[in-house]
Amino acid sequence: MKSRKSVSATRPLLAAAAIVLGLAISSGSLTAASSPLSVGPDQVGVDSARVVGPVQNEEVITADDNPEVFARADKARDAFGFPVGVKKVGRHVHDGFLNSNYDEVSEVGSKGQPLALTQFDGSGRLTAAVRFDIAAPPAVRITGDAAMKTAQRGLTASGLTVIGQARTDSNVADGGWEVHWDRTAEGLAVRGDETRVHLWADGRIQTVAKVEHQLAPAPARRLSQPDARNVVARQLDQWSGKGGVRYTVADMDLEWVGPNAAFDASKLNTAPASYRLAWVVNVKPTGEAADYIQLITLYVDAGDGTVIGGDVVE
Amino acid sequence: MKRAATWLVSILLAVSTLGATAQGAFAYTGHVWSNSDAFKSTCLGFNDTYPQSMYSLAQSQLALLGYLPSGALGASFTRSAFLNSVFYDYAVYAHTHGDNYWAASGSPNVDSGILQDPGVGMCNSSSRDMIRSSSIKAATMGTPYNLVVMSTCKLGASNSTMPGAFQIEKTKSSTQRKFYLGYAYTTYDSSAYRFERAFWSYLNGDPNHSRTVYQAFTYAQSIGGYASPDSANPFQANWWGNPNYNGTPG
């Protein structure tokens, strides 16, 4: 392989050649030269000044004005064993990326670098905590059981309560552990809602999340499984008619789910709705699409039987 | 007088053209590719909305990071377009189907791949649409890359050969300006989209590249709430590269 220096020089050389080419063209016809980076007429060249994406709006909050936020942050930081900075920075954030609002307190190091942060929702509940340093691989990795107990202790110290049996997964990114308590309501899973602790392999806590969506009232009359299966069968017949693809139902369960725009672009950019009780139906395509679609999940509202969203594994 | 005015206009146009050319040529290009036709009604019976959402998000956020975004949503995401442009790129983002396939030499050697967009009205075929990591590596001719995001299944797994295609070693202690992000297991689109929104929001949340890509990764990991298809496929993102790299192009 070429050295980094020599190969790094290649692209600027090509760029310089492009300027010469541009000059030659401009001196002749005064027509703008095409960049050699363009590879086809259909490609999307984007003027960065015109690219608009989601934004975060924030306002600074201080310990003087919001002592309770900073006190909660200190408590969580110490409960999880996070580093203490030389100063704290607080802000109230409207997060346009994830459509959420939270108070955030960062521990900042002597060079201005973020060491850790904690976030709290409008009612003061911890939603996320994270430390940003990186751990060296330890000589000995703690066991999953030890990770679970450490996670439990940290949560208790921070004031978070968890119910039920934790699940523990090995983390591929750093060899640590993911300990999570998945939320249930009325005995049914709330899709994605959880209390999750990520621990490094040496047993220190790196991140904590508590995700808890608001639930709509359960429907007075719950759609039966056969009726839900009929709804899905009709939906799949409709899809098969359009796409020539066949689907088979793999499994279905009742869960609380967030309605979404997975199958309906007209619902994009709508405000997040309360989670609803739904039949969550996993279907698998057969034929050509099975080559690259592993799973499609439909949410069928357990009250009115409409498809309110779903998910795709590409 | 008219002759002088003509000269002035000509000079201004030439300078303007040179400026535009130089800007394009010296910009740090980041290609964003998203396969949409394979996930449209003609193949699935419905139009999957994630390819567009992922594409738009990556385009806007790479631009904020300082890259000149280019690329394609849909039919122009072809193998030849990808391979012809990748040499010039400093950042690459792809949202499509990806997996770790056996290499031509057979098991246990892996040659990871992604699928190009099949074209309007077409569905993907692995045999026809595959862009192998070995092909990408050949097209890059050893050039370095700053930021590579494979928004696909499995290309963040330990046996993925995709990082190597971009000269990114599978270590977490590089000192060069490089960072690779991928997902380890079979991954729901909603979870990848949630992760990427959090990732970009943190990375671009403070001006002047004051945050590192690793911090953005860690932040996105921290928020939780990621659905997974089953217990054998928990949602897990992975990274390799330089933990202190702040995403600055070049």
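Rules and cut-offs
- Residues numbered from 1 in each chain as written.
- Chains lettered and ligands numbered in written order.
- Predicted model: local features only at pLDDT ≥ 70, side-chain atom pairs only at ≥ 80, totals over all residues.
- Pairing = 2+ DSSP bridges.
- Helix = DSSP H or I, 4+ residues; strand = E, 2+ residues; numbered from the N terminus.
- Axes fitted to C-alpha atoms, helices over the stretch in contact; angles between N-to-C directions.
- Contact = placed C-beta atoms within 7 Å.
- Expected span 1.5 Å × (residues − 1).
- Buried ≥ 20, exposed ≤ 12 C-beta atoms within 10 Å, placed from the backbone.
- Arc of directions from axis to C-beta.
- pLDDT = per-residue confidence, 0-100.
- Parallel < 35°, antiparallel > 145°, perpendicular 65-115°, else oblique.
- Left-handed = near helix turned anticlockwise from the far one by under 90°.
- Nonpolar A, V, L, I, M, F, W, Y, C, P; charged D, E, K, R; others polar.

> It is not clear to me how the sheet that holds strand β5 (residues 110-115) of chain B should be interpreted in this structure. Could you clarify?
For sheets, the rule is that strands pair by backbone hydrogen bonds, running either parallel or antiparallel. All names here are of chain B. Here we have three strands laid out as an open sheet, ordered β4-β5-β6, and antiparallel in their pairing. The sheet is open, and its two edges are formed by β4 (98-102) and β6 (130-132), each paired on a single side. Each adjacent strand pair in this sheet contributes to an overall mean axis angle of 40°, direction not counted. When β5 meets β6, the two strands line up antiparallel, connected through three bridges. Within the sheet, the bridge partner assigned to G113 lies in β6 and is R132. The strands that helix α6 (residues 133-140) touches are β5 and β6; relative to β6, the one it contacts most, it runs at about 60°.

> Looking at this structure, how should I read helix α3 (residues 144-158) of chain A?
Given 3.6 residues per turn, any residue in an α-helix points the same way as the ones three and four places further on. All names here are of chain A. With 15 residues, α3 should cover 21 Å at 1.5 Å per step; its first-to-last C-alpha distance of 21 Å lies within 8% of that length. Taken together, the buried positions of α3 are occupied by A147, M148, T150, A151, G154, L155 and S158. The buried side chains of α3 occupy one side of the element, clustering within an arc of 165° when seen end-on. More than 90 degrees from the buried face of α3, the exposed residues found are D145 and T156. At its buried positions, α3 is contacted by α2 (67-80), β5 (126-131), β6 (167-170), β7 (177-185), β8 (188-199) and β9 (205-211).

> I would appreciate a short explanation of the sheet that holds strand β2 (residues 68-73) of chain B in the present structure.
All names here are of chain B. Strands sit in the order β2-β1-β3-β7-β8-β9 across an open sheet of six strands; the sheet is mixed. Edge positions in the sheet fall to β2 and β9 (237-241), since each of these pairs with one other strand and no more. Averaged over all adjacent pairs, the angle separating strand axes in this sheet is 15°, with direction ignored. Relative to strand β8 (residues 179-183), strand β7 (residues 147-151) runs parallel, the two being bridged by four bridges. Across the sheet, the residue bridging to L147 is F179, located in β8.

> Can you help me understand the confidence of the model for chain A in this one?
Close inspection of predicted coordinates is inappropriate for parts of the model with low pLDDT. Residue and element names in this part refer to chain A. Of all residues in chain A, 83% attain a pLDDT of 70 or more, and the chain-wide mean is 86. Under a pLDDT of 50 for its full length, residues 1-9 has, in the predicted model, nine contacts with residues more than four places off or in other chains. Across residues 18-50, where pLDDT falls below 50, the model places 63 contacts with residues more than four positions away in sequence or in other chains.

> So what exactly am I meant to see when it comes to the packing of helix α8 (residues 189-203) of chain B against helix α9 (residues 213-222) of chain B here?
Helix-helix packing is described using two parameters, namely the angle between the two axes and the distance between the axes. All names here are of chain B. For the pair α8 and α9, interaxial distance at closest approach is 8 Å and the crossing angle is 135°. Between α8 and α9, the crossing angle belongs to the class labelled oblique. By crossing handedness, the relation of α8 to α9 is classed as right-handed. Mapping the contact onto sequence places F195, A198, F199, Y202 and L203 in α8 and V213, Q215, A216, F217, Y219 and A220 in α9. Its residues placed into classes, the contact of α8 with α9 shows ten nonpolar, one polar and no charged.

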